[in-house]
Every structure is written in C-alpha cells, then in structure tokens.
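Listed below, chain by chain, are the residues.
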Amino acid sequence: MWKSLGKELIFDMIRQEDIYNIFSGESILFLGAGFSVENKNAKGEPLPSGKGLSVELQQAANVLEPDENIGLDVASEYFVEKVGKTKLVDFLKKRFTVSDCFDWQKDLLALPWKRIYTTNYDNVLELASTLSNHHRRTVAVDSKLDNVDNLENTIIHINGFIDNITEENLKNSTKLTSESYADEYFIKSPWNTELSNSFKYAKSIYFVGFSATSDLDLKRIIASQEQIRNKVYFIND
C-alpha cells in the first residue's frame, strides 16, 4: 500500500551513492496519480482519477447514464455548456483540495529534492512540503518559462494546479478540455527542453506513482539518452 511508502522503503530500493545524491540536493522527484490516490479532500472523499472525474462531471451535469469511457475533455466541456465555468472551477477546487496528508508523504517531501514535477492537479505536495517545514514555490507550465527566474526547490505542475485555477484561466491553466493545452503543447514548448535538461543534469530521478506509458512522452525522453536511463527509478504500488 502507498501508506507504507516512506524513506526507509525508498532507500531499500536504490544504490548507496544515489541515497547520497538525494541528501545532497541533486535528485529529481516526479510524482503521478498514484502518489495521492489514497488522499481525501475536505469532505472526506477520495481524490478522483481521470475516469472517476469524468463520471462525476457527467453526474453533476445530470447525465442519466454516465459512461467512464467518455473522455475528460468531452465531459468537462459538456459540464461547462450545461452548468457553466464558475461551477466547474468550484467543483474542481472542492474535489482536489486536501487539508491533510499522510506521514510518509511528509517524510518524502522533507527530503531536499532539487526539483519536483507532478502530473497531479491537487495540493497534496504543497501541503506535505509545508507540514514537513520545507517550503517550496509552485510553478504551473501555463506560466511562461522566461518569466520564471529560478526553478530550483520548486514544485512544477505539468497539468495545472488547483489553487491557480480561475474562470478566466480555465482553458489554459489545467488540462481538462480540448481547448486546454494538450500533450503537444508541452512537448513543443520550452518546458519540454527544460524537463529534458533537468533530467540530464540530475544525479538521479525518481518516479513515484507514475507510469511512463501515460500522457506525457516521458518514454521517449528517457530512452533518448543512456545517461538518463541509467539513473531513473520507478517506484509503483
């Protein structure tokens, strides 16, 4: 179970030299949906998966027979059409904002990671960092890279961050609708180069709760350079 994941479990899996690289601040952490799969929002509800969120949006838009195979982009656009953008923003903030996290998450975020990437919308990373007395700056990739002066000690949200979402920036701040930035936006943007370079210069890279077969083309980035392949760890439940 993810609740058992902590520093001890991670350290059992990796080379001694890479443990040193974590504590010297030379390692990158990349977190996917599995990292927060057991967290709950303020109402005590589990954070939804992509399919689960699609079903919830359909239900909230009074679809009589919700279908989990309906894409999140279609479901969210239908919700906006029937219920409105304001309600969608409110819905997302309630569903993805947490007020507590697990001890193992705080332990993991207490480590001095050089940089943290995540595909998650929620605020679990920010909360775990704060509760572990390790304050990090949040950056979402809808920000222009030129306007971000320093990416060290940051949490970079690839698909958008729940605290930043407003009715005005909904299209660009989170990857929900087909009008939101798609995979191609990231792959063709300066952020993709930044990601590749950060992987190249990091001493080790840890993927937790994340599959390299998901929407980001990380397989290609990892496979393109042997020096990246040799320092990557995948830690999944």
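Throughout what follows, the structure given in this document is the object of discussion. (Residues numbered from 1 in each chain as written. Predicted model: local features only at pLDDT ≥ 70, side-chain atom pairs only at ≥ 80, totals over all residues. Heavy atoms only, no water.)

## Remarks on the nonpolar core
The cut-off we apply is this: Buried Ala, Val, Leu, Ile, Met, Phe, Trp, Tyr and Cys residues that are joined via side-chain atoms within 4.5 Å together make up what is termed a nonpolar core. Only protein chains enter the accessibility calculation, which uses a 1.4 Å probe; a residue whose area is less than 20% of its type maximum is buried, one above 50% is exposed, and one in between is partly exposed. Note on conventions: DSSP H or I runs of at least 4 residues are helices, E runs of at least 2 residues are strands, and numbering of each starts at the N terminus. Contacts are assigned to residue pairs that have any heavy atoms within 4.5 Å of one another.
Core analysis: the biggest nonpolar cluster contains 24 residues, and Leu29, Leu31, Phe35, Leu108, Trp113, Ile116 and Tyr206 have the highest contact counts within it. Of all the elements in the fold, those that place two or more residues in this core are α2 (16-23), β1 (27-31), α6 (103-109), α7 (124-131), β5 (204-208) and β6 (232-235). If you tally residues by element for this core, the top one is α7, at four residues. Ignoring any residue separated from it by four or fewer positions in sequence, one finds isoleucine 116 in contact with Leu29, Leu31, Leu109, Leu125, Arg136, Thr154, Ile155 and Ile156.

## Considerations on the pattern of salt bridges
Here is the rule: A pairing counts as a salt bridge when a side-chain nitrogen of Lys or Arg comes within 4 Å of a carboxyl oxygen of Asp or Glu.
Under the definition given, this model contains seven salt bridges. A salt bridge links aspartate 90 to lysine 94, with the nearest nitrogen and oxygen atoms 3.2 Å apart. Residue aspartate 90 and its partner lysine 94 are located together in helix α5 (residues 85-96), separated by four residues, close to a single helical turn. Take aspartate 90: its relative accessible area is 37%, and that puts it in the partly exposed class. Counted as one network, the salt bridges with shared partners bring together Lys114, Arg115, Glu152 and Glu194.

## Focus on α7
Along α7, six of the eight residues are buried, which leaves the element largely enclosed by surrounding structure. Each element contacted by the buried residues of α7 is listed here: β1, α6, β2 (115-118), β3 (137-140) and β4 (154-157).

## Some remarks on helix α10 (residues 190-201)
Helical geometry note: an α-helix holds 3.6 residues per turn, so side chains three or four residues apart project in the same direction. What counts is decided by this rule: Given the number of residues in a helix, its expected span is that number minus one, multiplied by 1.5 Å. This arc corresponds to the set of directions leading from the helix axis out to the C-beta atoms.
If you check α10, its first and last C-alpha atoms are 17 Å apart, about what 12 residues at 1.5 Å a residue would give, namely 16 Å. Of all the residues in α10, the buried ones are Trp191, Asn192, Leu195, Ser196, Ser198 and Phe199. Viewed along the axis of α10, the buried residues span an arc of 160°, placing them on a single side of the element. Facing away from the buried side of α10, by more than 90 degrees, are the exposed residues Pro190 and Tyr201.

## Some remarks on unusual backbone geometry
If you check the backbone angles, asparagine 62 has positive phi at about 65° while not being a glycine. With respect to the helices and strands, asparagine 62 occurs in the loop between α3 (50-60) and α4 (72-82).

## Quick look at the environment of threonine 119
Topologically, threonine 119 is positioned in the loop between β2 and α7. With relative accessibility at 11%, the residue threonine 119 sits in the buried group.

## A short note on the pairing of β2
What counts here: A pair of strands is considered paired only if DSSP assigns at least 2 bridges between the two.
Burial of the side chains of β2 extends over both faces: Arg115 and Tyr117 are buried on one face and Ile116 and Thr118 on the other. Here four bridges tie β1 to β2, and the two strands are oriented parallel to one another. Bridge pairing in β2 places phenylalanine 30 opposite tyrosine 117.

## Focus on the packing of α3 against α5
Geometry of a packed helix pair, given as the angle between the helix axes and the separation of the axes. For clarity, the threshold we go by: In this description, a line fitted to the C-alpha atoms serves as the axis of each element, helices being fitted only across the stretch in contact, and the angle between N-to-C directions of two axes falls anywhere from 0 to 180 degrees. Roughly parallel means an angle under 35 degrees; roughly antiparallel, over 145; roughly perpendicular, 65 to 115; everything else is oblique. In this scheme, a crossing is called left-handed if the near helix is turned counterclockwise away from the far one by less than a right angle; it is called right-handed if the turn is clockwise. Gly falls in the polar group here, along with every residue not listed as nonpolar (Ala, Val, Leu, Ile, Met, Phe, Trp, Tyr, Cys, Pro) or charged (Asp, Glu, Lys, Arg).
Viewed as axis vectors pointing N to C, α3 and α5 meet at an angle of 135°, and their least axial separation amounts to 12 Å. Classified by the interaxial angle, the pair formed by α3 and α5 is oblique. By crossing handedness, the relation of α3 to α5 is classed as right-handed. Packed against α3, whose contacting residues are Leu53, Glu56, Leu57 and Ala60, the element α5 presents Leu88, Phe91, Leu92, Arg95 and Phe96 at the interface. The residue inventory of the contact of α3 with α5, partitioned by class, reads seven nonpolar, no polar and two charged.

This is a description of form; function is not addressed.
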